[in-house]
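Tertiary structure, described
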Amino acid sequence: MIGLSGGIGSGKSTVAAVWRELGATVVDADHVAREVVAPGTPGLAALAAEFGDDLIQPDGTLNRALLAQRAFVDSVHTERLNSILQPAIAARSAELLAVAPCPQLAVYDVPLLVEHDMAGMFEHIVMVLSPAEQRLERLVHQRGLATDDARARMAQQATDAQRREIADIIIDNDGTVDELRERASSVWRYLESCCST
């Protein structure tokens, strides 16, 4: 299995999109995280039991902003959040990856691969890296985050040095979107060749 990761604003989602276009089965951990706390799920019930029933809004959905206020106040609360979500995310992701037509080319797109010490799960680890100032600019101008919020999110994640330490392949995103797409395509062709040998 192939692990795809990179810091917030690195361009990882663009790489994942290119690989999907080229036929990859990509399981996105962020999408799975939303799925496991959908209305009526055990994950949502567990969050409400731990952090308060008022997390569930009148329409049955999770109040993410309120959860963030309560779960990210300190490391103890964050660990409680992770102890609820991570097993559910891992189990659902494993289900989705297990049905991939070519398991060797199944891609797990996981932002916190380094932070959750997941390197041992993968045959190949691909990291998308981008200069910090470019990442900050994308987060502020493309995603609409406040500058301080964007900096805080970046600071909570692993460093590029930590990412490089576990990566088999680095995709540098220091240019245009077209250049990133071409680099992503080249890496995918290489991974396909590895799988066929």
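Thresholds, definitions, all that
Residues numbered from 1 in each chain as written. Predicted model: local features only at pLDDT ≥ 70, side-chain atom pairs only at ≥ 80, totals over all residues. Heavy atoms only, no water. UniProt positions renumbered as here; feature names shortened; annotations may be inferred. Helix = DSSP H or I, 4+ residues; strand = E, 2+ residues; numbered from the N terminus. Contact = heavy atoms within 4.5 Å. Domains from an automatic or database assignment. Buried area = accessible area lost by both parts, 1.4 Å probe. Salt bridge = Lys/Arg side-chain N within 4 Å of Asp/Glu carboxyl O. Polar contact = N/O pair within 3.5 Å; in protein donor to acceptor, adjacent residues only side chain to side chain. Pairing = 2+ DSSP bridges. Axes fitted to C-alpha atoms, helices over the stretch in contact; angles between N-to-C directions. Buried < 20%, exposed > 50% of the residue type's maximum accessible area, 1.4 Å probe, protein only. Parallel < 35°, antiparallel > 145°, perpendicular 65-115°, else oblique. Left-handed = near helix turned anticlockwise from the far one by under 90°.

1. A word on the UniProt feature "binding site: ATP" (unreviewed entry) in the protein
- The sites that carry the UniProt feature "binding site: ATP" (unreviewed entry) are, in the present numbering, Gly9, Ser10, Gly11, Lys12, Ser13 and Thr14.
- Along the chain, Lys12 turns up in helix α1 (residues 12-21).
- Contact partners of Lys12, with chain neighbours within four places excluded, come to Leu4, Ser5, Gly6, Asp109, Pro111 and Val128.
- Counting through the fold element by element, Ser13 comes out in helix α1.

2. As for the domain arrangement of the protein
- We note that the domain assignment places domain 1 (1-25 + 102-196) and domain 2 (29-99) within the protein.
- Taken together, the contact between domain 1 and domain 2 spans eight residues of the former and seven residues of the latter.
- Here domain 1 meets domain 2 over a buried area of about 650 Å², counting both sides, of which 62% is carbon and sulfur.
- When the buried area of domain 1 at its contact with domain 2 is split by residue, Tyr108, Pro111 and His116 rank highest and sum to 56% of it.
- Inspection of the domain 1/domain 2 interface yields zero salt bridges.
- At the surface where domain 1 touches domain 2, the tally comes to two residue pairs in polar contact (both at pLDDT 80 or more).

3. Side note on the sheet that holds strand β5 (residues 169-172)
- Across the sheet, which stays open at both edges, the five strands sit in the order β2-β3-β1-β4-β5 with parallel pairing between neighbours. Whereas interior strands pair on both sides, the edge strands pair on one side only; in this sheet they are β2 (25-28) and β5. With direction set aside, neighbouring strand axes in the sheet form an average angle of 20°.
- Summarising the sheet, β2 and strand β3 (residues 106-109) pair through four bridges and their orientation is parallel. Its bridge partner being in β3, Thr25 is matched across the sheet by Ala106.
- Sheet contacts for α1: β1 (2-6), β2, β3, β4 (124-129) and β5; angle to β1, the most-contacted strand, approximately 150°.

4. Considering the side chain of Gln157
- With respect to the helices, strands and loops of the structure, Gln157 is situated in the loop between α7 (147-156) and α8 (160-166).
- One polar contact links Gln157 to Arg163, side chain to side chain, over a distance of 3.4 Å.
- In this view, Gln157 contacts Gly7, Ile8, Leu112, Glu115, Arg135 and Arg163; residues no more than four positions away in its chain are not counted.

5. Digging into the pattern of salt bridges
- Scanning the model with the defined rule gives 11 salt bridges in all.
- Among the ionic pairs, Arg92 bridges to Glu95, the shortest N-O distance being 2.8 Å. Of this pair, Arg92 and Glu95 both sit in helix α5 (residues 75-98), three residues apart, which is roughly one turn of that helix.
- Residue classification places Glu95 among the partly exposed residues on the basis of a relative accessible area of 46%.
- Arg183 is the salt-bridge partner of Asp174, the closest N and O atoms lying 2.9 Å from each other.
- For Asp174, a relative accessible area of 43% puts it in the partly exposed group.
- With a relative accessible area of 32%, Arg183 lands in the partly exposed category.

6. Remarks on the pairing of β5
- The alternating pattern of β5 places Ile169 and Ile171 on a buried face and Ile170 and Asp172 on a face that is not buried.
- Inspection of the sheet shows β4 paired to β5 by four bridges, in the parallel sense. When the bridges of β5 are listed, Val128 appears paired with Ile171.

7. As for the packing of helix α3 (residues 42-51) against α5
- Remark: α3 packs on α5, axes separated minimally by 10 Å, with the N-to-C direction vectors making an angle of 155°. In terms of their interaxial angle, α3 and α5 are classed as roughly antiparallel. The chirality of how α3 crosses α5 is right-handed. From α3, Gly43, Ala46, Leu47, Glu50 and Phe51 reach across to α5, where they touch His77, Arg80, Leu81, Ile84 and Leu85.

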